[in-house]
Amino acid sequence: MNRSQPLVLGIESSCDETGVGIVRGTVLLTNTVSSSMEEHVRFGGVIPEIASRAHLDAFVPTLQEALAEAGVTLDDVDAIAVTSGPGLAGALMVGVCAAKALAVATGKPLYAINHLVAHVGVGLLQAENTPQEGTLPGNALPEHLGALLVSGGHTEILRIRNITDDVELLGSTIDDAAGEAYDKVARLLGLGYPGGPAIDRLARTGNAKAIRFPRGLTQPKYMGTADEPGPHRYDWSFSGLKTAVARCVEQFEARGEDVPVADIAAAFQEAVVDVITSKAVLACRENGITELLLGGGVAANSRLRQLTEQRCRAAGIRLTVPPLELCTDNGAMVAALGAQLVMAGIEPSGISFAPDSSMPVTTVSA
């Protein structure tokens, strides 16, 4: 095996994207994704059984397309990496079983990868030896690195001391993830699914100051102080915000007034990104983090990117945001983390591991 510049094939199937990516060391060769999102639209959210069946249908064509685009064969691959958690249990099972079958058939070592840590690893990738916007400086992990992951299933702030074996969870949502809150509020406003892009577009035409929605877990009893931190100093909560939006809509309807959908969308979005960015920057400042990577599907949100950049700059924190196609779930990020494990000399996982839908972020590889 080439441990200095390993050719790694990554497989992602934690939710509704079937992703296969191939990297050589830190060089991205291909990132092929097949999404089943359109099959979930009429249900207003991801249906696990539909997602699992879509992975079964899409895996082989997606793999073939990735190999062709990268110009390599399975014989050329040094190692295989697969998302083993967290995610939807049935969807994870499809990807893990496919990866195990490939590993047995080819004799290649197999690495079981943590989906969340992979969102950080993708920041190391470059395109054909050409550094690109959205990569970490020098294509190496900075000494004081943090990661803000915002997606449909996760909202977390991490400290990354070593991407292969030392990841610390500083704070997370205690109920809905930010992306989940977007989907639920979009449904309340009649905007359909997925809610994130719809609210982001509509919010640009609304007045974010027209309504003041609550910022969860920001009261002193939760925040505490730097010397005596409260129980949820770096944590988020979005369930109360969702309820506040529902009550707001009901009040307009009860008075027989038109619901100001654009203003509500803008005010809701401002409440979400305000509390996310303020707490993330606070966690960075109080934990010596000077480099922050923003990842996850909600990183595509224009207001989140804008406010994170603004507040990081004011706090002297360097912000890195990977290209949008690498922020959402994909196989390239799995391959990228797999390559880091190979280069660090970490032993492969073998084929006896099981997918773990609630895999903790502190477990980088099973």
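Residues numbered from 1 in each chain as written. Predicted model: local features only at pLDDT ≥ 70, side-chain atom pairs only at ≥ 80, totals over all residues. Heavy atoms only, no water.

**Points about the sheet that holds strand β10 (residues 291–295)**
In space, the five strands of this open sheet follow the order β9-β8-β7-β10-β11, with mixed pairing throughout. A strand with exactly one partner marks an edge of an open sheet, and here the two such strands are β9 (166–172) and β11 (318–320). For this sheet, the mean angle separating the axes of adjacent strands, direction not counted, is 25°. Strand direction decides the pairing type here: strand β8 (residues 155–162) and β9, joined by six bridges, are antiparallel. By the bridge assignment, Asn162 is partnered in β9 with Asp166. On the sheet, helix α10 (residues 302–314) packs against β7 (145–150), β10 and β11 and is oriented at approximately 175° with respect to β10. (Pairing = 2+ DSSP bridges. Helix = DSSP H or I, 4+ residues; strand = E, 2+ residues; numbered from the N terminus. Axes fitted to C-alpha atoms, helices over the stretch in contact; angles between N-to-C directions. Contact = heavy atoms within 4.5 Å.)

**With respect to the state of the cysteines**
Taken as a whole and assessed by the stated rule, the structure comprises zero disulfides. The thiol of Cys97 is not disulfide-bonded; the next cysteine sulfur, from Cys15, is found 18 Å away. Judged by relative accessible area, Cys97 falls into the partly exposed class, the value being 41%. Among the cysteines around Cys327, which has no disulfide bond, Cys312 carries the closest sulfur, lying 14 Å off. With relative accessibility at 1%, the residue Cys327 sits in the buried group. (Disulfide = S-S within 2.5 Å. Buried < 20%, exposed > 50% of the residue type's maximum accessible area, 1.4 Å probe, protein only.)

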